[in-house]
2 protein chains.
Amino acid sequence: MAFGWMAQQLVPLGKALATSDHASVVSINLFVALICGCIVIGHLLEERRWMNESITALVIGVCTGVLILLTTKGKSSHIFIFSEDLFFIYLLPPIIFNAGFQVKKKQFFRNFMTIMLFGAVGTLISFFIIFFGAIALLRNMDIGSLDIGDFLAIGAIFSATDSVCTLQQVLNQDETPFLYSLVFGEGVVNDATSVVLFNAIQNFDHAHVDAIIILKIVADFGYLFLSSTLLGAFGGLLSAYIIKKLYIGRHSTNREVALMILMAYLSYMLTALLNLSGILAVFFCGIVMSHYTWHNVTECSRVTTKHAFATLSFIAETFLFLYVGMDVLDIEKWKFVSNSPGKSLSVSSILLGLVLVGRAAFVFPLSFLSNLTKNSPHERIIFKQQVTIWWAGLMRGAVSIALAYNQFTRSGHTELRGNAIMITSTITIVLFSTVVFGLVTKPLVSFLLPHSAKHLSSMSSEPSSPQSLLSSLLEHGRGSEVDGGGEILTRPSSLRMLLSKPTHTVHYYWRKLDDAFMRPVFGGRGFVPFSPGSPTEQSLQGRI
Amino acid sequence: MAFGWMAQQLVPLGKALATSDHASVVSINLFVALICGCIVIGHLLEERRWMNESITALVIGVCTGVLILLTTKGKSSHIFIFSEDLFFIYLLPPIIFNAGFQVKKKQFFRNFMTIMLFGAVGTLISFFIIFFGAIALLRNMDIGSLDIGDFLAIGAIFSATDSVCTLQQVLNQDETPFLYSLVFGEGVVNDATSVVLFNAIQNFDHAHVDAIIILKIVADFGYLFLSSTLLGAFGGLLSAYIIKKLYIGRHSTNREVALMILMAYLSYMLTALLNLSGILAVFFCGIVMSHYTWHNVTECSRVTTKHAFATLSFIAETFLFLYVGMDVLDIEKWKFVSNSPGKSLSVSSILLGLVLVGRAAFVFPLSFLSNLTKNSPHERIIFKQQVTIWWAGLMRGAVSIALAYNQFTRSGHTELRGNAIMITSTITIVLFSTVVFGLVTKPLVSFLLPHSAKHLSSMSSEPSSPQSLLSSLLEHGRGSEVDGGGEILTRPSSLRMLLSKPTHTVHYYWRKLDDAFMRPVFGGRGFVPFSPGSPTEQSLQGRI
């Protein structure tokens, strides 16, 4: 992830670029107008449950691409050149941060080991299968010069799922909390794993692949994962501590919100300084902020942060799919493959097959492994759920596109036939998997899991439910903060329960630490002192 | 305003910039951390009423500048090079939009003519006085080569007040609504006038100045003002219409918020396409959105938009003052004046004197003119208020700095002695006026206006008071939307009243149009149908 454009942006421009001003202003206007269009059309299509926002944005993007292609007489179909910097710096952080901020933490941490198994080990399995499969099947086809590094990159590119973006609209966090937390959590860890993997591949010497190097990559990944998580958690805890200690909301709601946004951004940017994974850091920063900081701020700030973060994430997602849609018709890449359309199609089919196999190869075995450690039957992943997990993670999205552009183009352009075919194949797979798999997922889920029980109570402590918090406030007056204490009492009541559920032990000790030390220091649900003049007091007296 | 950097930013970088990556990541981290520091320290100093956030940020900026100067051993004091693009594209729009969104509209429109008189005519008077004064007093001093274009630019640079930023903390919208709306409204119109003036000066031929050219500039300004206002209002109305017509909040609060942000940004960017004033457009877009759109959205979206826009504006302001503080010690400019420190000081003093005189020369005469048109004595601007208006608009800020950099530097650097002196003088004046005048303003206002009556009722319909809206909701159940009708009934009840208050006639007819046509079509307070399933319904049923 290069941050060089920031340096550029902050340096005044010479007169040399004055000629391109008008064009870029037109593009920005067009893009903003298109996003508005996506929002309105997405709203109108909301009733049709098989559609989702991503597909709407994709289709609008393709239509606009056709229009631009006709207007420019076949010269170009898109108005921006794709930049992975734009993606990694502007679009991904709000999406991932919001994911962490809105995730149901209880489910996430309860399934933490399974999520890590799927996200890290599973991605590695998928990577190796796609890598070896691609070498075996594509090497003998006449598709230009691809070396071992390219094949390794192909493995990483097609191991990156896009569950974060698409799943929001397919699985429901309230209806199937267990599945949602698995697929969603896997998606986040997968994002981090595939990016780390891709960077490792680009840096190491392909001539000498041995066990030590592979061990080194694994160790690197472990270090990255731990330190990024700690950095993100530290950022979140610091914001919680400052806001709790200083009662910042007493003077200004804006300061609280500003502090939360800036601390999250700071923990993301610090990873760039320390060469860590920004995605992981910002994800865990979001989790910590929703667990501690969010409970320390005024009611206004709670509503504001919840919706402001979700809105930013929503805009970023829409922009992304719109762009991918427009990029589909990029004439420059298609003309390389126009003389052999069958070849591009067969490459795409082969890769899509590898994606399907690669995912199946880890979902079913790892589910089996995971089930071995669970004692109670309702905690196991049943076969129907395994199929859902397998299917829901088949979508490939913006991360794949960004990595493919990084590997196979130079400044968004390519001159080599093999590279062009890889780019068009990536676009084909992203489009096909998002639209076709995406459309099928909803009926499939309702077929496989017709009456998914509501596992979790509706009274959760996540930021995703300030509605319930305030509705209870409207009904019971000032009871909401007192209610918070109720959750603390739901800990395992006997030693027998603890012994029968060993996987819960870590969770239980974490809860003890949380109640005894973390929450008194950093605040959190039910642990913000309810004294006159405190933010909680003021917020209840009509500050909302 | 050049938008070229956007083109740059969206194009992937070559490898050439890879060396600067690390430095820019460090700068961004430092800057974000500093803004966090400003927020925390500003909060701690809140009790001392003579301090304000701007001064805190300035002081922290200067301290950081000293540290960087020491660290880099006197090579540089700042980490970014000032870019007027950054200012005009990132920082100014949220500040101005939020200003329009939070302004008390009733007061603003009641004093519309006076505000326009002060903002447009007053700025022109101030411009001419500083222009002629600078020619008369500075031409014979040995300060390098300054041509007539430079002197015209000096007039525009020092006519741009900074009331928008600093006043927020000095005058209180609730305590002195009349004065606040005057000074604040003047500040916004002044921003637009001085930028338009500056652009006009840069474009026209200085050799042939005659009446026709001046008339043309005035006509240009009128056209710009009208069309920009209409564009902004159109953007606001469109968002109101879409959200009202489609009940977007029914499915997603995020869509509403996203639509509001994007429409505001779109109306700002469209002005760049049509060569209009973005500042005016986004200001009136903010006003229209707070009058119509804001009442059509769910309660969640109201709280979110109100605080999110205020937070963005707050961050932008803090960044600005922090930057100005760091830029003070820019060694490159000071070394030009180091051999004649007295000269730079005397230039600054002369210009500061001209600023004082130039403002006095329009505040008192125009107040007299304005008073002639008012019949009732309590609508007139009394002498003490005139002194307050004069004083409160003396601060010079970021607009002056941005214009000075645009005129006297090339890519942030300068080689000419005259230009360097003008830059250092601008910085001196901005610093002196912000800190010294800023510190004096608060005691002065409380000395001049010791018991400022609360003119306006507390039950206003602006977004700045969702507190009262929700507290009334908590008390009276669902009465809030019905209460809104009460305001409509406060129209002048007899023809006699109309004739005795001619200045209110326009306002009255606007209210009639608003009630009869605008609000039924575009929504607004009390005009959103309260039917089951509507956003209002849902929001009251515990969606907050």
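Rules used in this analysis
- Residues numbered from 1 in each chain as written.
- Chains lettered and ligands numbered in written order.
- Predicted model: local features only at pLDDT ≥ 70, side-chain atom pairs only at ≥ 80, totals over all residues.
- Heavy atoms only, no water.
- Helix = DSSP H or I, 4+ residues; strand = E, 2+ residues; numbered from the N terminus.
- Contact = heavy atoms within 4.5 Å.
- Areas by Shrake-Rupley, 256 points an atom, 1.4 Å probe, with all protein chains shown as cover.
- Polar contact = N/O pair within 3.5 Å; in protein donor to acceptor, adjacent residues only side chain to side chain.
- Phe/Tyr/Trp six-rings, centres within 6.5 Å; stacked < 30°, edge-to-face > 60°.
- Buried < 20%, exposed > 50% of the residue type's maximum accessible area, 1.4 Å probe, protein only.
- Lys NZ or Arg CZ within 6 Å of the ring centre and 35° of its normal.
- pLDDT = per-residue confidence, 0-100.
- Axes fitted to C-alpha atoms, helices over the stretch in contact; angles between N-to-C directions.
- Parallel < 35°, antiparallel > 145°, perpendicular 65-115°, else oblique.
- Nonpolar A, V, L, I, M, F, W, Y, C, P; charged D, E, K, R; others polar.
- Salt bridge = Lys/Arg side-chain N within 4 Å of Asp/Glu carboxyl O.

Asker: I keep staring at the overall build of chain A and nothing clicks. Help me out?
Answerer: Along chain A, the regular secondary structure elements total 24 helices and zero strands. Relative to all contacts within chain A whose residues are 6 or more apart in sequence, the contacts with residues 24 or more apart total 84%. Roughly 20900 Å² of accessible area belongs to chain A as shown, and the carbon and sulfur atoms make up 68% of that amount.

Asker: Whenever I open this one, the side chain of T305 of chain B confuses me. Can you help?
Answerer: Residues and elements named next belong to chain B. Counting through the fold element by element, T305 comes out in helix 13 (residues 299–327). A polar side-chain atom of T305 sits 3.1 Å from the main-chain carbonyl oxygen of R302. Those residues in contact with T305, other than ones at most four positions away along the chain, are F101, V257, M260 and W294.

Asker: Is there a simple way to think about the packing of aromatic side chains in this case?
Answerer: To describe a pair of aromatic rings, one takes the distance between the centres and the angle between the planes. Under the criterion given, the structure shown has 36 aromatic pairs over all chains. An angle of 80 degrees between the planes, with centres 6.4 Å apart, marks the rings of F225 of chain A and F284 of chain A as edge-to-face. In this pair, F225 of chain A is assigned in helix 10 (residues 211–246) and F284 of chain A in helix 12 (residues 278–296), connecting sequence segments 59 residues apart. Taken individually, F225 of chain A and F284 of chain A each receive the classification buried, so the pair is uniform in this respect. Both rings, one in Y241 of chain A and one in F522 of chain A, keep their centres 6.1 Å apart while their planes meet at 70 degrees; by these two values the pair is edge-to-face. Note that Y241 of chain A is positioned in helix 10 and F522 of chain A in helix 23 (residues 504–522), a separation of 281 residues in sequence. Among the aromatic residues, ring-to-ring pairing joins F364, F383, W390, W391, F432 and F437 of chain A into one connected group. Seen from the ring of W294 of chain B, R302 of chain B lies directly overhead, with NZ or CZ sitting 5.7 Å from the centre.

Asker: Where do I start with the confidence of the model for chain A in this structure?
Answerer: Interpretation of this model should avoid reading the predicted coordinates in detail wherever pLDDT is low. Residue and element names in this part refer to chain A. A residue-level look at chain A finds 72% of positions with pLDDT of 70 or above and a mean pLDDT of 74. Taken as a whole, residues 1–20 scores under 50 in pLDDT and shows 49 contacts with residues more than four places along the chain or in a different chain. The low-confidence segment residues 529–544, where pLDDT is below 50, has 45 contacts with residues more than four positions distant or belonging to other chains. The complex prediction reports pTM at 0.77, with the ipTM value standing at 0.75.

Asker: What's the story with the packing of helix 13 (residues 299–327) of chain A against helix 11 (residues 253–274) of chain B in this structure? I'm lost.
Answerer: How two helices pack is summed up by the angle between their axes together with the distance between the axes. It is at 9 Å that the axes of helix 13 of chain A and helix 11 of chain B come closest, and there the two elements cross at 70 degrees. Classified by the interaxial angle, the pair formed by helix 13 of chain A and helix 11 of chain B is roughly perpendicular. The residues of helix 11 of chain B that touch helix 13 of chain A, namely those facing H307, A310, T311, F314 and I315 of chain A, are T253, N254, R255, V257, A258 and L262 of chain B. Looking at the contact of helix 13 of chain A with helix 11 of chain B residue by residue, the classes come out as six nonpolar, four polar and one charged.

Asker: Help me understand the packing of helix 7 (residues 148–157) of chain A against helix 9 (residues 177–203) of chain A, please; the structure alone is not making it clear to me.
Answerer: All names here are of chain A. Their axes nearest at 9 Å, the elements helix 7 and helix 9 cross at an angle of 175 degrees. With respect to each other, helix 7 and helix 9 are oriented roughly antiparallel. Contacts between helix 7 and helix 9 involve G149, L152, A153, A156 and I157 from the former and S194, F198 and I201 from the latter.

Asker: What is the right way to read the pattern of salt bridges from this model?
Answerer: Side-chain pairing between opposite charges can occur once the charged atoms of the two side chains come close. A full pass over the atoms with the stated rule returns four salt bridges over all chains. Two residues, E299 of chain A and R302 of chain A, come together in a salt bridge whose shortest N-O distance is 4.0 Å. With E299 of chain A and R302 of chain A both in helix 13 and three residues apart, this pair spans about one turn of that helix. Its relative accessible area of 2% is what places E299 of chain A among the buried residues. A salt bridge links R359 of chain B to E186 of chain B; the shortest N-O distance between them is 2.9 Å. Taken as a pair, R359 of chain B in helix 15 (residues 341–373) and E186 of chain B in helix 9 (residues 177–203) lie far apart in primary sequence, 173 residues in all. You can call R359 of chain B buried: its relative accessible area is 1%.

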